[in-house]
Amino acid sequence: MTNLAKGANVPLPTTALRATLTWRPGPGVPDVDASALVLDGRRRVRGDDDLVFYNQPAHPSGAVVRGPGRPGEESLGLDLGRVPAEVASVVLAASADGGPFGRVPGLRLQVTDAGTGAMVVAFDIGDATTETAFVFGEV
């Protein structure tokens, strides 16, 4: 497993992944909602279907599926083998409801192999302040 520093890159060993945001929930801690943006070569969504979030939990291709959330955890399943040819990248993001990310303790992104559950990479997000939306990664 690799612990990533901000801005770092790492090759992924598989095309089936689970990206999970974790944090310590509690009184006064904002709720975190994971989302994904499926981008074309111009770094734009092609339409509403390219947004995956709580109200639209799956991309039509099946390449990105939002998992069920629970206190302190939100996840996105990624099947890179199902990404349409015209898609250049998938951006992993989240929004904070009820306050900024600076009030979300222990915020961490973990990417696991969806088949084995083995940890691939992790990223501790420790520099959030007033942000209420955050990009955590890109594949």
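The rules behind each value
- Residues numbered from 1 in each chain as written.
- Predicted model: local features only at pLDDT ≥ 70, side-chain atom pairs only at ≥ 80, totals over all residues.
- Heavy atoms only, no water.
- Helix = DSSP H or I, 4+ residues; strand = E, 2+ residues; numbered from the N terminus.
- Rg over C-alpha atoms; globule rule 2.2 N^0.38 Å.
- Buried < 20%, exposed > 50% of the residue type's maximum accessible area, 1.4 Å probe, protein only.
- Contact = heavy atoms within 4.5 Å.
- Pairing = 2+ DSSP bridges.
- Core = buried A, V, L, I, M, F, W, Y, C linked by side-chain atoms within 4.5 Å.

Peer 1: Talk me through the overall build of the protein chain; I want residue IDs and the actual numbers.
Peer 2: Assigned secondary structure in the protein chain consists of zero helices and ten strands. What you see in the protein chain, going N to C, is helices and strands ordered as β-β-β-β-β-β-β-β-β-β. What you see for the protein chain is a C-alpha radius of gyration of 14 Å, in line with the 14 Å of a compact globule of 139 residues. Across the 139 residues in the protein chain, those meeting the buried criterion constitute 42%. Sequence-distant contacts in the protein chain: of pairs separated by 6 or more residues, those separated by 24 or more amount to 67%.

Peer 1: Which residues make up the side chain of Ser-35, and what values go with them?
Peer 2: Tracing the sequence through the fold places Ser-35 in strand S3 (residues 31-40). When its relative accessible area of 16% is taken as the criterion, Ser-35 is described as buried. Leave out the neighbours within four places in its chain, and Ser-35 touches Val-52, Phe-53, Leu-76, Val-91, Leu-92, Ala-93 and Ala-94.

Peer 1: Explain the sheet that holds strand S10 (residues 133-138) residue by residue, including any values.
Peer 2: Taken in spatial order, the four strands of this open sheet run S4-S3-S7-S10, and their pairing is antiparallel. With one partner strand each, in any of the chains shown, strand S4 (51-52) and S10 form the two edges of the open sheet. In this sheet, S4 lies alongside S3 in antiparallel orientation, the contact comprising two bridges. Paired with Leu-37 across the strands is Leu-51, a residue of S4.

Peer 1: Can you break down the nonpolar core residue by residue, with the values?
Peer 2: In terms of nonpolar packing, the biggest core is built from 30 residues, with Leu-21, Val-64, Phe-101, Leu-107, Leu-109, Ile-125 and Phe-136 touching the most fellow members. Where this core is concerned, the elements lending two or more residues are strand S2 (16-22), S3, strand S6 (73-79), strand S7 (87-97), strand S8 (108-113), strand S9 (119-124) and S10. It is S7 that contributes the most residues to this core, five residues altogether. In contact with Phe-136, other than residues within four places in its own chain, are Leu-21, Leu-92, Ala-93, Ala-94, Phe-101, Leu-107, Leu-109, Phe-123 and Ile-125.

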